[in-house]
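# Examination of the molecular architecture
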Amino acid sequence: MKYEAVIGLEIHIQLNSATKIFCDCANTPGDDPNTNVCPVCLWLPGALPVLSREVLEKATIACLSLNCEIQSESAFDQKVYYYPDLPKGFQLSQAHKPLAKKGWVEIQDEQGRPKRLRLHHVHMEEDVAKLVHETEGRVPISLVDFNRAGTPLIEVVTEPDFRSPHDAMEFLKAIRNQVRYTGCAECSMESGTMRCDANISIRPEGSDQLNTKVEVKNMNSIHHVGDAIAYEIKRQIDAVNNNEPIILHTRLWDPEKRVTTAMRAKFEGPCIPDPSVPTIVLDDAWLETMKSRLPEMPAQKVKRFVQDYSLTHDEAVLMSSERGLSEFFESVVTHGAPPRMTAGWIATQLLPALKAHQQTLAETRVTPQRFASLIQLLEKDEINSNSAKSVLEKLFEMDGTPEEIVEKFGFRQVSDAADLAKLVDQVLSDNASAVENYKNGNKKSMGFLVGQAMKASRGKANPKLVQKMIKDLLA
Amino acid sequence: MESEIFTYINASARPGTGPMEDTRVAVESGISVENWPTDAQSRALENYVALEDATLITRLRDAGAALKGRTAMGELGLGLDGDTCGDALTKGLSDVALKIDTTGEARMAAAISGCFGFKPTYGLIPRAGLISLIPSMECCGILSNSLEAISTTTRTMGGVDERDPSMDPDGIDQAMAGFDQSGPSQDDPLIVGVIRDWHTAMGLEDKEFKAAVKKINTAAGIEIKTVDIKDFSLARTVHNIIGTVEASSSAGRFDSVRYGHRTGASVKNWNEMYIHSRGESFGPLVKAYLFQGGYFQYRDYNAFLDACRIRARLMASLEKALESVDLIVLPVAAGAVVESEASNTVSGFYDTFSLTLLANLTGNPSVSIPGAVSPGTTNGDAARKALQLIGPRFDDAGLLARASRISDILTGEV
Ligand SMILES: [Zn+2]
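What counts and what doesn't
Residues numbered from 1 in each chain as written. Chains lettered and ligands numbered in written order. Predicted model: local features only at pLDDT ≥ 70, side-chain atom pairs only at ≥ 80, totals over all residues. Heavy atoms only, no water. Domains from an automatic or database assignment. Contact = heavy atoms within 4.5 Å. Buried area = accessible area lost by both parts, 1.4 Å probe. Salt bridge = Lys/Arg side-chain N within 4 Å of Asp/Glu carboxyl O. Polar contact = N/O pair within 3.5 Å; in protein donor to acceptor, adjacent residues only side chain to side chain. Helix = DSSP H or I, 4+ residues; strand = E, 2+ residues; numbered from the N terminus. UniProt positions renumbered as here; feature names shortened; annotations may be inferred.

### Quick notes on the domain arrangement of chain B
All names here are of chain B. Each domain of chain B was delimited in the assignment, giving domain 1 (2-234 + 308-411) and domain 2 (235-300). Taking only C-alpha atoms, the centre of domain 1 and the centre of domain 2 are 26 Å apart. Listed by partner, the interface residues are 39 residues for domain 1 and 26 residues for domain 2. Regarding the contact of domain 1 and domain 2, the summed buried area is about 2,800 Å², with carbon and sulfur atoms giving 68% of it. Here domain 1 is connected to domain 2 by 1 salt bridge. When the shortest N-O distance is used, the salt bridge between Asp351 and Arg236 registers 2.8 Å. Run the count over domain 1 and domain 2 and you get 16 residue pairs in polar contact (both at pLDDT 80 or more). Of all elements in the fold, only α11 (301-324), α12 (346-353) and α13 (357-362) reach the threshold of two or more residues within the side of domain 1 that touches domain 2. Here the side of domain 1 that touches domain 2 gets 5 residues from one element, more than from any other, and that element is α12.

### Quick look at the environment of B:Leu76
Residue and element names in this part refer to chain B. Mapped onto the elements, Leu76 comes out in the loop between β3 (66-71) and α3 (85-90). Expressed as a C-alpha distance, the spacing of Leu76 and Arg43, which sit 33 residues apart in the sequence, is 9.7 Å. Residues within four places of Leu76 in sequence aside, it is in contact with Ala40, Ser42, Leu45, Ser132, Leu133, Phe254, Phe282 and Val286.

### Considerations on the interface of chain A and chain B
Contacts between the two partners involve 32 residues from chain A, matched on the other side by 35 residues from chain B. With both chains or domains summed, chain A and chain B bury close to 2,700 Å², and 63% of this area falls on carbon and sulfur atoms. At the boundary of chain A and chain B, one finds 0 salt bridges. On inspection of chain A and its partner chain B, the count reaches 9 residue pairs in polar contact (both at pLDDT 80 or more). Secondary structure elements with two or more residues in the side of chain A that touches chain B: β4 (77-81), β9 (130-134) and β16 (268-273) of chain A. Examining the composition of the side of chain A that touches chain B, we find that 5 residues originate from one element, β16(A), more than from any other.

### Digging into the UniProt feature "domain: Asn/Gln amidotransferase" (unreviewed entry) in chain A
As recorded in UniProt, the sites labelled "domain: Asn/Gln amidotransferase" (unreviewed entry) are residues 327-474 of chain A. Counting secondary structure, residues 327-474 of chain A comes out at 72% helix and 0% strand; the distance between its end C-alpha atoms is 48 Å.

The structure is reproduced here in structure tokens:
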């Protein structure tokens, strides 16, 4: 029998608000252990949670970017479980009345066709403390770091619309892009600001039954999610083929061994409404304000880039993939650089150079203004592309405008006909056999001859002019 | 003698200046006072010292009150086993005593010791710094021999607090304005409501109550009117379910890891540590209470949902009744008031507080007026002779003024 997988995801995203969700402690869990704590987030007796406005706003904007319906009324519940990372015995989470319902994200399926994946809801919750297990000494001990306790999360719960690891991975990339665009979260699986659990079951292809699902946790990259799901689908199909039952439980992905292994479940009870955090009531005016704070999202931006700047669809997608990148691109264009040449140079030269220098667009010395001047020099044939690459390298190393750098290092392109004529004459007389070949119809020889001329000029000759002169001379 | 009543005496208690500069205040140990032992009388909080003042304590300090020390209380605010806050007043050791009221504890303690007990409107006085088991009902109650002192204390402690987001700013404005106005006079017509059949459904006796109501009715300008409170007889069960469920969840933080008693038994893992520590920490009533909450939470959640719905109906019904009367009068107790070790059962607990818990469920203000108490009076008799008045939410000043008038009538001063 042929089986298909039914997959749903639960994704926790840590919001980047300045404070924790219910107190004024800094939302920087990586600081020295237990430095960002107070009676509220230590959950001491008598302390009351006060919902942060900023967290509510950022959560709402993130939900809007995922096309969710924001609920006019939502509330927090106490999700009861006992574990040392949660010493008060319950986590404040929105179990019964989430902040947002529905929503969708569009991805491309394996055949490149657009596919919409639906969300069930998005809710807010507080993160729990972090356990650090020290096993080195004679007696293993577990330490609790409360810096993370009370940091704000949204949990995105999807419909079981996914059929393959591909869907899940594309979905994660898509929501990461959307939410990052809003500036409300970093969404990095590697650094733990985005975490994903997958619920997986299988069924005979074409059936619409929902079978017992298995939850898989502990994937800390998008690729791990894909690998873990692929492994788990195969494991379940093998089990069914061997007449073994699928039991509801949780498994951990082991990235070293590339397998999932069963784990003991935490005890979880039902949720009761929290009596201390008031019901969140949102009116239309507030919601409109939040909508106005939603930036132009990638899909709209792609359309506009194609329309306004005549980029190809692929170029526009690339230039819109990150908000910072799209803003850099537009800024360069606003400084007068031609859009398509700019997009091409960002993609093929600037991004790889940034990577080599381990810099980001936000911090690099290559400002939009300097990059725009460089592209303009190239466009006006004042430098050739070889020189432009050298100038770009200098822009990383030193201050000064590209014009100054061109002058200082003599990168200006030689376009003077008299200078070039001398150079071309020399090249043609030095390479008689290539000239012969060209005249006999071997067009490749032209490339060789131009290359020799460029070399003789130490890269500064205008290659287009050189080619034209050789052509004319040999015609 | 002080040491029999106070579990902790504030050696540096001295009055400041302000509206409460002549007032000595006893504070039970479920209300946080910075650097004071704050164990809510539970081993689960053994040696716990509060890091900060409850907001209401800060406000009392600012008003010049002298904080006397800690009185003993029932474990985690449940019931009155070993409670000494009434004694602090009757023995003249303080002028006002503060006691968290989640089921009627402050009003009952006052009735037993022959003084006034007041539970303000839920949300008028900040909850920040209170330690109890039932957050949706917890409210700082005030006991005193003087209704005027209760009124001043309420006014001092009341008002919006940014640490407590569950407060209702509009209601608070209304309530605080009430303390500034002259309020109802002794000659205004007053309509007193009596809940229809309040005793029959619960199998309680109403003889003493009838006599008290008759006496009130003889006073000039007072009319007695019967009101209907839908589901009144279910209030006890509703409180039982919601109270125990909230308690079961709230008590989760007493895990013995960061404070309180930790077991000395050798344990294999942290789950065993929790179980032993909690088993050794909680007394029988708290244990039974948490067990019931666990039952409803895990085995009969629908009962909890039903209880929440009936609670909402009770609130609406009481609010409607209070549109046609100025206040509602009930005895503080009518049936058995369990006075001894036997109070360590949940049913005994609810027998005792069956009539006071309505105001905790609905959040309305309620004040108890003591009956005649002499040295020979049993606690049960004292509670049965005491009356409680329930008024509209956020009309705390009005209720206290009317309580003064009714108290005068009952003691024959009018
Ligand atoms: Zn904090």
